[in-house]
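Observations on the three-dimensional arrangement
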Amino acid sequence: MNREVTLPLIVDDRGTLQVAAADVSKLLRTVGGRWVRLVEAGESGLDEDTVAALTIELAKLADRIDVACIAHSSGGAT
């Protein structure tokens, strides 16, 4: 299943970006990493397979943000 995700980032009334894309991708990776550590610590109520799948999807989204930023900063098409 391949779904496109549009991630509206926080902009002010002039359209100026208020949250750096690098911070967003770092946040996505951090959330996934914390979920994994909770599972490893035996946190009850967390399904290991679900956490793994969600962590992978967050990492993929972070990768897409990073690639789009690299393409934009190098003048390439997104």
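Attention in this report is confined to the structure presented alongside it. (Residues numbered from 1 in each chain as written. Predicted model: local features only at pLDDT ≥ 70, side-chain atom pairs only at ≥ 80, totals over all residues. Heavy atoms only, no water.)

Describing the nonpolar core
Among the nonpolar cores identified, the biggest contains seven residues, and these are A21, V24, L28, L58, L61, A62 and I65. Within the residue set of this core, elements represented by two or more residues are α1 (21-40) and α2 (48-73). It is α2 that contributes the most residues to this core, four residues altogether. Excluding its chain neighbours within four sequence positions, the residues that come into contact with A62 are S25, L28 and R29. (Core = buried A, V, L, I, M, F, W, Y, C linked by side-chain atoms within 4.5 Å. Buried < 20%, exposed > 50% of the residue type's maximum accessible area, 1.4 Å probe, protein only. Helix = DSSP H or I, 4+ residues; strand = E, 2+ residues; numbered from the N terminus. Contact = heavy atoms within 4.5 Å.)

A few points about the pattern of salt bridges
Within the structure shown, the criterion is met by four salt bridges. Here R14 makes a salt bridge to D13, at a shortest N to O gap of 3.9 Å. As far as the burial class goes, R14 and D13 line up, both exposed. Two residues, R29 and D63, come together in a salt bridge whose shortest N-O distance is 2.8 Å. Here R29 is found in helix α1, whereas its partner D63 is found in helix α2, with 34 residues between them in sequence. By sharing partners, the salt bridges in this structure join R29, D63 and D66 into a single network. (Salt bridge = Lys/Arg side-chain N within 4 Å of Asp/Glu carboxyl O.)

Some points on α2
The end-to-end C-alpha separation of α2 is 37 Å, in line with the 38 Å expected for 26 residues at 1.5 Å each. Among the residues of α2, those classed as buried are V51, T55, L58, L61, A62, I65 and A71. In this structure, the buried residues of α2 make contact with α1. One or two steps after α2, the chain reaches G75, where phi turns positive at roughly 85°. (Expected span 1.5 Å × (residues − 1).)

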